[in-house]
Amino acid sequence: MDSLGNQVSFNGPLKNEVQKFVQQTLHKELDKITYDHTDAQTRSNKICDSILKQLTTNNKNFKFIVNCLLMQKAECGLNISGSCYWDNETDGSLTIKHETEAMIGIVNVFACAL
Amino acid sequence: MEENQNLEENTYSQEEVDRITQESIESVLKEVQYEESKVQGWINAICEKVTQQLIELGKPYKYIVHCMIMQRNGAGAFVTTSQWWDTVADGQIIISWPKDKQAKQEQQKNTLHCICSVFAVSMI
C-alpha cells in the first residue's frame, strides 16, 4: 500500500490492495467467533476503524466511507443495494462479504477523489 | 449577504435529505410484506428515487445512497459506518424504517426492515 499512496483513481491497483486488506481484516475478526449481540457493536466498530485507519495512513488523495454490516446467520432474506452519483474515472467502491458458521459480515468501501 | 447566499448554495441541508429519504422509502415500502422476488425491485426503486431527488437539489456534492432490506425473523444485525472526510462540509443521514412507534400505530405486522444511508461528499 505504501507505493500506491499517490494514486489518483480508486479503480486500479489500489482497489486490489484494499480488497486484500479488507478480506484479511474480516478473516481475523470474524473467524471462530459466535454472534453475541452485546459485543457485535464493538466488533463492527473495530472492523470499520481498522480498515479506515489503514486506508487513510497511506492515501491522502481520497475521502473514504467504510460501512460494515454484521448479521447473525438465520433463515431470513437480506438485500443490499447502492447507488452513487460521482466521477466514474476517479471514484469507486468495493463490497466484500465474509461468511462464517455463526454470522455474515459485509463491508462496503466508498472512495471519493479529492 | 452574498457570502451567506453562497454558503447556503454550497452546503447540503440535513432536513431536506432526511425528508427525501423518508418519503422515498415510505412510497415504495408502505403496506408491503417481504417477498423475495420483489425485494430487488423495491431496493433499486428506493436508491434511484433518492439519488434522482438529491441530484435535483443542485448542490456541489457527490452522493452515495446505500440501502438494505432485511426480512424480520428475529435475527440480530449491526450496521456501523466510519468516514474520513471534511466534517464541516460533508455529512450523512441514516434512516431505519419503520420506526417502532410507527409500526405500532399502524398495527401492521411488519415483515421487513429497511436501513437507508445517504452520504454527501463535498466537491469543493
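Our subject is the structure that appears above.
Keep in mind the model is a prediction, meaning the values are calculated, not measured.

### Some thoughts on the packing of helix α2 (residues 14-29) of chain B against helix α3 (residues 36-56) of chain B
Residues and elements named next belong to chain B.
Part 1: It is the contact of α2 with α3, at a shortest axis distance of 9 Å, that shows an interaxial angle of 150°. Classified by the angle their axes make, α2 and α3 are roughly antiparallel. For the pair α2 and α3, the sense of crossing is right-handed. Note on element contacts: α3 touches α2 through Trp 42, Ala 45, Ile 46, Lys 49, Val 50, Gln 53 and Leu 54, opposite Val 17, Ile 20, Thr 21, Ser 24, Ile 25, Ser 27, Val 28 and Leu 29.
Part 2: Looking at the contact of α2 with α3, its residues break down into 10 nonpolar, four polar and one charged.

### What about the sheet that holds strand β2 (residues 78-85) of chain A?
Part 1: Taken in spatial order, the four strands line up as β2(A)-β1(B)-β4(B)-β3(B) in an open sheet, and their pairing is antiparallel. On the outer flanks of this sheet lie β2 of chain A together with β3 (91-97) of chain B, each paired with one strand and no other. On average, each strand axis in the sheet is tilted by 10° relative to the strand beside it, whichever way the strands run.
Part 2: The pairing of strand β1 (residues 61-71) of chain B with strand β4 (residues 112-122) of chain B spans 11 bridges and is antiparallel. Residue Ile69(B) lies in a different strand from β4(B), and its bridge partner there is Cys114(B).
Part 3: Sitting on the sheet, α2(B) is in contact with β1, β3 and β4 of chain B, with an inclination near 30° to β3(B).
Part 4: Where α3(B) meets the sheet, it contacts β2 of chain A together with β1 and β4 of chain B, and its direction lies at approximately 155° from that of β1(B).

### Regarding the sheet that holds strand β3 (residues 92-99) of chain A
Part 1: The strand order across the open sheet built from four strands is β3(A)-β4(A)-β1(A)-β2(B), with neighbouring strands paired in antiparallel fashion. The two strands at the open ends of the sheet, each matched to only one other strand, are β3 of chain A together with β2 (77-84) of chain B. Shown here is a sheet whose adjacent strand axes are inclined to one another by a mean of 10°, direction ignored.
Part 2: Bridge count for strand β1 (residues 62-72) of chain A against β2(B) is eight bridges, and the pairing is antiparallel. The partner of Ile65(A) across the bridge, within β2(B), is Gln83(B).
Part 3: The sheet strands contacting helix α1 (residues 13-30) of chain A are β1, β3 and β4 (103-113) of chain A, and the helix crosses β3(A) at an angle near 30°.

Conventions we followed
- Residues numbered from 1 in each chain as written.
- Chains lettered and ligands numbered in written order.
- Predicted model: local features only at pLDDT ≥ 70, side-chain atom pairs only at ≥ 80, totals over all residues.
- Heavy atoms only, no water.
- Axes fitted to C-alpha atoms, helices over the stretch in contact; angles between N-to-C directions.
- Helix = DSSP H or I, 4+ residues; strand = E, 2+ residues; numbered from the N terminus.
- Parallel < 35°, antiparallel > 145°, perpendicular 65-115°, else oblique.
- Left-handed = near helix turned anticlockwise from the far one by under 90°.
- Contact = heavy atoms within 4.5 Å.
- Nonpolar A, V, L, I, M, F, W, Y, C, P; charged D, E, K, R; others polar.
- Pairing = 2+ DSSP bridges.

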